[in-house]
Amino acid sequence: MTTATPTRGLEGVIAGETEICSVEQGALIYRGYEIHDLAEHATFEEVAFLLLVGHKPSAEELRFFKDELVANRALPPQCVDYLRAAAPLLKQGSAVPMDVLRTCVSILGNTDAESQDNSPEANLRKAKRLTAKIPTIIGHMQNLIDGREIVSLNTGGDAKLGHAANLLYLMSGEKPSAEHAHVLDVSLILYAEHDYNASTFTSRVIAATLSDMHGAVTGAIAALKGPLHGGANEAAMEMLKEMRRDLGPENDPKKIDAWMQRAFAEKRKLMGFGHRVYKHGDHRASLLHALGRKIAERKGPEFVRLFELGEQVQRIMAEQKQIYPNVDFPCGMTYYTMGIAVPQYTPIFVASRITGWCAHIMEQHANNRLIRPIAQYTGPRDLKWKG
Ligand SMILES: CC(C)(COP(=O)(O)OP(=O)(O)OC[C@H]1O[C@@H](n2cnc3c(N)ncnc32)[C@H](O)[C@@H]1OP(=O)(O)O)[C@@H](O)C(=O)NCCC(=O)NCCS
């Protein structure tokens, strides 16, 4: 029996070490590089290499890495067959894209000849294959939902397009503008890694039993889906849509304030706000907000009004609750403005965070000890089964 007081939600508990990322109120750092620097100067492929391999790629390393991603984009037939079978389930609503993506990753494990090999070399190769294939899963799934012929079934996209641009192309069949590709690329950089968040911690717990990478990623996807974690980008946009339905298209400050006061009175959690670590604001949110707003300004007044609504919600939250938006709040508005279907926002988060998860799984395997905390028992003790 233990006498220590348990920490609810493990808040503030240092559960292990990592060389991959530091999440601090003052800075977000990936392997030594600060997030504003990466968002401004790096591409997602460079950041993916940095996280997975451990250093900034040379020009040659980057070229080789990008070629490897392109070469591994296409899906095995078992995965495509499952996607086709899942399409009616997605349409009837008993499955959502995160569930289907989770099952696809499981199938990718079944079809990967190295699935049971946890050596560093095999893990790195599997990480690259997963990074390459997840956008293809998302794209094919969206094509099936939309009733469109699957885009690039045999190749997983256009070899000339970078990771972010190709994801947009796979989802719609249309080549994206340079601006849309850039903004998606930045959002992927911002989402790529965040130390011991719930899904990454899940992946490390699974990896620490010496289970395999595909299994650990499958568990991580299930953890990311929840609206308190990655699912918040979809939930934030659904909340703004609900506000629009309730309040009409005009951003009447009185009506917005009344809506917010009602939400506060109902003790409602506003999605896309708050963070376990960043109590005074999330570095990533303002970065993405600025980029998303520029797209909205080009797209027209309807989208600018959406951002203005978001800004009013942010102001009221800051003034009255001192709670600030996390990256999921501007992400919802930005992806919506780009015309991306809401249920794919969290799968797109997976397309990025796969790099952070795999880096952590490899770090865990490289210096492993089973993760097994203890619980404080609060149940009864003296019950008798007989009599
Ligand atoms: C992220 C989150 C789970 C962190 O939770 P946490 O560290 O456990 O923080 P708590 O839930 O203990 O919040 C502390 C206080 O702030 C309030 N709060 C936190 N986030 C809030 C939100 N989004 N809306 C309204 N109130 C919020 C809590 O109700 C609580 O108030 P109380 O002390 O009066 O009960 C939480 O902020 C949340 O649910 N946010 C919405 C979902 C979201 O955006 N998730 C993505 C995170 S990147």
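Residues numbered from 1 in each chain as written. Predicted model: local features only at pLDDT ≥ 70, side-chain atom pairs only at ≥ 80, totals over all residues. Heavy atoms only, no water.

Caption draft 1: Up close: the site of the ligand. In the neighbourhood of the ligand, 18 residues make up the surrounding shell, with L270, G272, F273, R276 and N326 lying closest. Within the side chain of K279, an N or O atom sits 3.3 Å from an oxygen atom of the ligand. Residue N326 places a side-chain N or O atom 2.9 Å away from an oxygen atom belonging to the ligand. When the ligand is considered free in solution it has 860 Å² of accessible area, and contact with the protein chains removes 63% of it. Of the residues contributing to the shell around the ligand, the split by class is eight nonpolar, five polar and five charged. (Near = heavy atom within 4 Å. Polar contact = N/O pair within 3.5 Å; in protein donor to acceptor, adjacent residues only side chain to side chain. Areas by Shrake-Rupley, 256 points an atom, 1.4 Å probe, with all protein chains shown as cover. Nonpolar A, V, L, I, M, F, W, Y, C, P; charged D, E, K, R; others polar.)

Caption draft 2: Layout of unusual backbone geometry. Residues other than glycine seldom take positive phi values, yet L210 does so here, at roughly 70°. Mapped onto the fold, L210 is located in the loop between α9 (198-208) and α10 (213-225). On the basis of relative accessibility, which here comes to 54%, the residue L210 falls in the exposed class. Despite not being glycine, K267 has its phi angle at roughly 55°, a positive value. Looking at the secondary structure, you find K267 in the loop between α12 (253-265) and α13 (283-299). Taking the relative accessible area as the measure of exposure, K267 reaches 74% and is therefore exposed. (Helix = DSSP H or I, 4+ residues; strand = E, 2+ residues; numbered from the N terminus. Buried < 20%, exposed > 50% of the residue type's maximum accessible area, 1.4 Å probe, protein only.)

Caption draft 3: Highlighting the domain arrangement of the protein chain. When cut into domains, the protein chain gives domain 1 (28-226 + 345-366) and domain 2 (232-337). Taking the mean C-alpha position of each, domain 1 and domain 2 sit 27 Å from one another. Each partner contributes to the interface: domain 1 provides 20 residues, whereas domain 2 provides 21 residues. A buried area of about 1,800 Å², summed over both sides, lies between domain 1 and domain 2, and 63% of it is on carbon and sulfur atoms. The three residues of domain 1 that bury the most area against domain 2 are L190, Y191 and Y345, which together make up 36% of that side's buried surface. For the interface between domain 1 and domain 2, the tally reads one salt bridge. Sorting the residues of the side of domain 1 that touches domain 2 by element identifies α1 (35-41), α8 (178-191) and α16 (345-366) as the ones contributing at least two each. (Domains from an automatic or database assignment. Contact = heavy atoms within 4.5 Å. Buried area = accessible area lost by both parts, 1.4 Å probe. Salt bridge = Lys/Arg side-chain N within 4 Å of Asp/Glu carboxyl O.)

Caption draft 4: Representation of the side chain of T200 in the model. Inspection of the secondary structure puts T200 in helix α9. According to the relative accessible area criterion, T200 is buried, its value standing at 0%. Beyond its immediate sequence surroundings of up to four residues, T200 is in contact with D195, R353, W357 and H360.

Caption draft 5: A look at helix α7 (residues 163-172). For α7, a buried count of nine out of ten residues is recorded, marking the element as mostly surrounded by other parts of the structure. Residues of α7 that are buried: H163, A164, A165, N166, L167, L168, Y169, L170 and M171.

Caption draft 6: Highlighting the nonpolar core. Core analysis: the largest hydrophobic core is formed by 108 residues, its most contacted members being Y30, L184, V217 and M260. Looking at this core element by element, the count peaks at eleven residues for α16. Each of domain 1 (28-226 + 345-366) and domain 2 (232-337) gives at least three residues to this core. Counting residues in hydrophobic clusters, the runner-up holds six residues, among them V151, A165, L170 and A181. (Core = buried A, V, L, I, M, F, W, Y, C linked by side-chain atoms within 4.5 Å.)

Caption draft 7: Molecular detail of the packing of α7 against α8. Contact geometry for α7 and α8: axes closest at 8 Å, N-to-C directions at 115°. Judged on the interaxial angle alone, α8 and α7 are roughly perpendicular. At the point where α7 passes α8, the crossing takes the right-handed sense. Here α7 contributes H163, A164, A165, L167 and L168 to the contact with α8, which in turn contributes H180, A181, L184, D185 and L188. A per-class count over the contact of α7 with α8 returns seven nonpolar, two polar and one charged. (Axes fitted to C-alpha atoms, helices over the stretch in contact; angles between N-to-C directions. Parallel < 35°, antiparallel > 145°, perpendicular 65-115°, else oblique. Left-handed = near helix turned anticlockwise from the far one by under 90°.)

Caption draft 8: Spotlight on the pattern of salt bridges. Per the counting criterion, the structure on display carries 18 salt bridges. With a closest N to O distance of 2.8 Å, E297 and R293 form a salt bridge. Here the residue E297 and the residue R293 both occupy positions in helix α13, the gap between them amounting to four residues, near one helical turn. On the accessibility criterion, E297 (46% relative accessible area) is partly exposed. Among the salt bridges present, the one from R315 reaches E319, with a minimum N-O distance of 3.5 Å. With R315 and E319 both in helix α14 (residues 301-321), this residue pair falls four residues apart, about one helical turn. Of the residues examined, R315 reaches a relative accessible area of 38% and is grouped as partly exposed.

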